[in-house]
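Here are the chains, one letter per residue:
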Amino acid sequence: MKFARTLMLGAAVAALGVSTGALAQTQRTDRPEPSPVQTSERPIAPATVQPERIILNLTADPAHQMAVTWRTAPGLDGEVEFAEAQDGPDFIASAVRVAATTDDAVLAVREAADFRAAYHSAVMTGLKPATVYVYRVGSGGAWSEWLQFKTAAATPEPFTFLYFGDMQNNILSEASRTLRMGFRKAGDAAFVIHAGDLINRHDSDNEWGEWFASGGFLYAQTPQMPTPGNHEYGRGPILNPQWRRQFTLPETGPAGVERLKETAWTVDYQGLRLISIDAPLFHGDEAMRTEMVQWLDQVLADNPNRWTVLFLHFPLFSIDPDRDNSRVRDALKPLIDKYQVDLVLQAHDHGYARGAIGQGAMSNAGPGHRADHGSTYVVSVAGPKMYPVANLTWADRMAERTQTFQTLDVSQDAVVYRAFTATGRELDAFRLTKGQDGVAKVEALAQDDANGGVR
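The shown structure was predicted, so the numbers you read here are calculated from the model rather than taken from an experiment.

## Concerning the overall build of the chain
- Broken down by element type, the chain carries six helices and 27 strands.
- Taking all 455 residues of the chain together, the buried fraction comes to 61%.
- A total accessible area of about 17,000 Å² is found for the chain, and carbon and sulfur atoms account for 49% of it.

## Here's the deal with the sheet that holds strand β25 (residues 415–421)
- What the seven strands build is an open sheet, ordered β14-β13-β12-β24-β25-β26-β27; its pairing is mixed. With one partner strand each, in any of the chains shown, β14 (224–226) and β27 (440–444) form the two edges of the open sheet. This sheet shows a mean twist of 20 degrees between the axes of neighbouring strands, independent of strand direction.
- Pairing of strand β12 (residues 159–164) with strand β24 (residues 404–410), which is carried by five bridges, proceeds in the antiparallel orientation. The residue of β24 that forms the bridge with F159 is V410.

## Re the pairing of strand β11 (residues 147–150)
- Because side chains alternate across β11, one face comprises the buried residues L147 and F149, and the other comprises Q148 and K150, none of which is buried.
- One ladder, built from four bridges, connects strand β9 (residues 132–139) with β11; its direction is antiparallel. Each residue of the ladder has a partner; that of V132, found in β11, is K150.

## Focus: the pattern of salt bridges
- This structure, assessed with the given rule, holds 27 salt bridges.
- Of the charged contacts in the structure, one is a salt bridge between R244 and E258, with a shortest N-O distance of 3.0 Å. Within this pair, whereas R244 is found in helix α3 (residues 242–246), its partner E258 is found in the loop between α3 and β17 (265–269), the two being separated by 14 residues in sequence.
- Using a relative accessible area of 11% as the deciding quantity, one classes R244 as buried.
- Judged by relative accessible area, E258 falls into the partly exposed class, the value being 44%.
- When the shortest N-O distance is used, the salt bridge between R431 and E443 registers 3.1 Å.

## Description of the packing of aromatic side chains
- If you walk through the whole model with that rule in mind, you get 22 aromatic pairs.
- Put simply, the rings of W208, W211, F212, Y219, W243 and F247 pair up and form one aromatic cluster.
- The ring of W307 has R306 lying over it, and the distance from NZ or CZ to the ring centre is 5.7 Å.
- Across the ring face of F317, the terminal group of R329 is positioned such that the distance to the ring centre comes to 5.7 Å.

## Regarding the environment of G374
- Summarising the element assignment, G374 is placed in the loop between β21 (352–357) and β22 (375–379).
- In this structure the C-alpha to C-alpha distance between G374 and Q359, which are 15 residues apart in sequence, comes to 7.5 Å.

## Some details on the pairing of β21
- Counting buried residues along β21, six of its six residues qualify, which places the element largely inside the surrounding structure.
- Neither face of β21 is open: one carries Y352, R354 and A356, the other A353, G355 and I357, and all of them are buried.
- Across five bridges, β21 lies against β22 in antiparallel orientation. Counterpart to A353 in the pairing with β22 is V379.

## Section: the nonpolar core
- Of all hydrophobic cores here, the largest spans 117 residues; its most connected members are V68, Y135, F191, W211 and L296.
- Apart from residues no more than four positions distant in its own chain, V68 is found in contact with I54, I55, L56, V80, H120, S121, A122, M124, Y135, V137 and T248.

## Quick word on the environment of A356
- Summarising the element assignment, A356 is placed in strand β21.
- By relative accessible area, A356 is classed as buried at 2%.
- Sequence separation between A356 and T376 is 20 residues; the distance between their C-alpha atoms is 4.0 Å.
- The residues contacting A356, other than those within four sequence positions of it, are A371, H373, G374, S375, T376, W394, D396 and V442.

## Let's talk about the packing of helix α1 (residues 171–185) against helix α2 (residues 205–215)
- Where α1 contacts α2, the axes come no closer than 9 Å and their chain directions differ by 35 degrees. Crossing hand, α1 versus α2: right-handed. Residues I171, L172, S176, L179 and R180 of α1 form the contact with α2, whose participating residues are E207, E210, W211, A213, S214 and G215.

## Focus: unusual backbone geometry
- With an omega dihedral of -5 degrees, the bond running from G236 to P237 counts as a cis peptide bond.
- Within the secondary structure, P237 sits in the loop between β15 (233–234) and β16 (238–239).
- Look at H348: it is not a glycine, yet its phi comes out positive at around 80 degrees.
- For H348, the location among the structural elements is in the loop between β20 (343–346) and β21.

## What about α1?
- Between its terminal C-alpha atoms α1 stretches 20 Å, which fits the 21 Å expected from 15 residues at 1.5 Å a residue.
- The largest bend along α1 measures about 35 degrees and falls at R177.
- Of all the positions in α1, only I171, A175, S176, T178, L179, M181, G182, F183 and K185 are classed as buried.
- Elements that come into contact with the buried residues of α1 comprise β12, β13 (191–194), α2, β14, β24 and β25.

Procedures and definitions
Position labels on residues start from 1 in each chain and follow its written sequence. In view of the model being predicted, local features appear only for residues whose pLDDT reaches at least 70, and side-chain atom pairs are presented and counted only at 80 or more, with totals across whole chains, interfaces and linings using the full set of residues. Where side-chain values are given, they derive from all heavy atoms of the structure, hydrogens and water being excluded. Strands here mean DSSP runs of E at least two residues long; helices mean DSSP runs of H or I at least four residues long; both are numbered from the N terminus. Residue burial is assigned from relative accessible area. The probe radius is 1.4 Å, only protein chains are included, and a residue is buried under 20% of its type maximum, exposed over 50%, and partly exposed in between. The accessible surface values rely on the Shrake-Rupley method and a 1.4 Å probe; as for residues, cover is taken only from the protein chains in view. We call two strands paired when DSSP finds no fewer than two bridges between them. To obtain an axis, a line is fitted to C-alpha atoms, over the contacting stretch when the element is a helix, and the angle between two such axes runs from 0 to 180 degrees between their N-to-C directions. The term salt bridge refers to a pairing of a side-chain nitrogen on Lys or Arg with a carboxyl oxygen on Asp or Glu at a separation within 4 Å. Pairing of aromatic rings covers Phe, Tyr and the six-membered ring of Trp, with a centre-to-centre limit of 6.5 Å; geometry is then stacked below 30 degrees between planes, edge-to-face above 60, and tilted otherwise. The rule is short: NZ of Lys or CZ of Arg within 6 Å of the ring centre and within 35 degrees of the ring normal puts a charge over the ring. Here, nonpolar core refers to any group of buried Ala, Val, Leu, Ile, Met, Phe, Trp, Tyr and Cys residues whose side-chain atoms link them within 4.5 Å. The contact definition used throughout considers only heavy atoms, calling two residues in contact when any of these lie within 4.5 Å. For a crossing to be left-handed, the near helix must be turned anticlockwise from the far one by less than a right angle; the clockwise case is right-handed. In a helix, the anticipated span is given by 1.5 Å times the number of residues less one. The term bend refers to the angle at a residue between two fitted axes, each drawn through seven residues, those ending there and those starting there.

Listed below in C-alpha cells is the structure:
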C-alpha cells in the first residue's frame with residue numbers, strides 16, 4: 001500500500017489425478033461453469049467502526065518488519081499496538097501504540113458509485129528475527145482481537161509456504177474449502193502466495209469481502225503475498241484501486257515505475273528469493289514488459305539465495321489447449337534459463353500440471369518429452385472454475401476438474417513440493433536438489449517419501 005507508514009518498536013482428478021500418458025485431450029464440458037454467487041444487485045456491506053479485512057504482508061526485510069493493513073468506516077483514524085509475545089497475558093503492559101497511515105477513500109465499486117471506507121496501513125519495524133509478536137489494530141473503543149505472527153530468521157533456515165492458484169469464482173462458498181484445507185495441512189506456513197485472480201470482477205467489493213472472509217483471522221496471522229491476475233485489472237488495463245489500499249506489499253520492483261509498485265516485487269526469505277511478475281501488464285503493455293525484463297535480469301543476476309521461485313498469473317506454457325501466452329514465454333524464458341530459476345508457479349488455466357522444462361526457445365507445446373532436471377513449471381487452480389487440460393508431453397502430472405493447493409518445504413538441501421486436492425488427498429509430490437552446477441534435479445516422491453503423505 002503506497003500510503004504505508006513505518007513504525008518502530010525501538011529496542012524492543014481428485015479422481016483425475018493421473019500421469020501424463022493416461023490423460024487424453026478432452027473437449028469443454030457441457031456443464032456450465034460456476035458464476036459468482038454474488039451479483040451486482042446484492043447490497044454492499046458498509047465498513048463499520050470495527051476493524052475488518054485485517055491482513056499481513058511481508059516487507060523487503062521480513063526478519064525485522066511486518067506490514068499490516070485493514071479498513072474501517074470512513075472518518076476514523078487507525079492505530080496499531082504491538083509487543084513481543086509472552087506465554088501469558090503480561091505482554092499487554094509492554095505494548096507500544098503507534099499511529100497508522102489512513103487513506104479515507106471514495107471508490108466507484110461495482111455495487112456503489114461512491115463507496116466510502118478508511119484504509120489503514122502500517123509497517124512494524126525494529127523487530128527481532130525468528131520471534132513471535134502480538135498485535136492488534138483499531139482506534140478509540142473499537143479494536144481487533146490480539147493476533148500473532150512470527151518474523152523470519154535472519155539466516156537461511158527451513159520453512160514452509162503455501163501456493164494457491166485462482167480462487168476467483170464462488171469464492172466463499174466453494175474456493176474457501178481449498179484455502180482452509182491448505183492451512184490444515186500447513187498451519188505453520190511462513191507465508192502464502194496467490195498466483196492471481198483472487199476474485200472474478202475486479203471492482204466488486206462483495207467479492208473482495210468474500211476473499212477476505214475465506215481466510216478470516218488466518219490472513220491476519222500468516223502473511224499473504226498475492227500477484228495480480230487479469231481479473232484484478234479493469235479495461236486499460238487499469239489495476240483496481242482497492243489493490244494497493246488493501247495490501248501493503250514490498251516496493252522492490254522497477255525503480256520509479258509507479259504502475260508496477262506492489263505488483264512486481266521481490267522478497268528474500270531464509271535462503272529463497274521470491275519474485276512476483278505483474279503478468280497482465282507484462283502480457284499487454286510493451287513499456288511495462290520492457291521495464292520488468294530489465295528489472296528481472298538484475299534481481300536474478302544479483303541473487304545470493306540458494307533457491308529462486310518466480311510466480312505470475314499467465315503460464316509460460318499453457319495447459320489449456322485454447323491458450324498460448326507467447327509474449328510472456330518469449331520474454332521470460334531466456335531469463336529463466338540463463339539464471340536457472342528453480343520453480344515457476346502459475347495459475348489462469350483452471351487445471352493442474354507440473355513438469356520440468358529444459359533450456360532453449362520453444363513453442364507453447366514445450367519439449368516433446370518429460371525431464372528430471374531444469375526449471376519446474378506448475379499450473380494450479382484453487383477455485384471451482386474448470387477448463388480442459390491438453391495432453392502435455394512435458395508434464396509429469398496432470399489433473400482436470402480438481403481444486404488443489406500446494407505446500408513447499410524449503411531447506412538449503414532441498415525443496416519438497418506436495419500438491420493436495422481440496423479434500424486433502426495427495427495428488428503430486430517431488431523433491432528438488434542441486435549439484436555444483438546449480439541445475440535443479442527433480443525426484444518424484446511416493447507418499448511415504450513426502451514426509452508421510454496425506455496427514
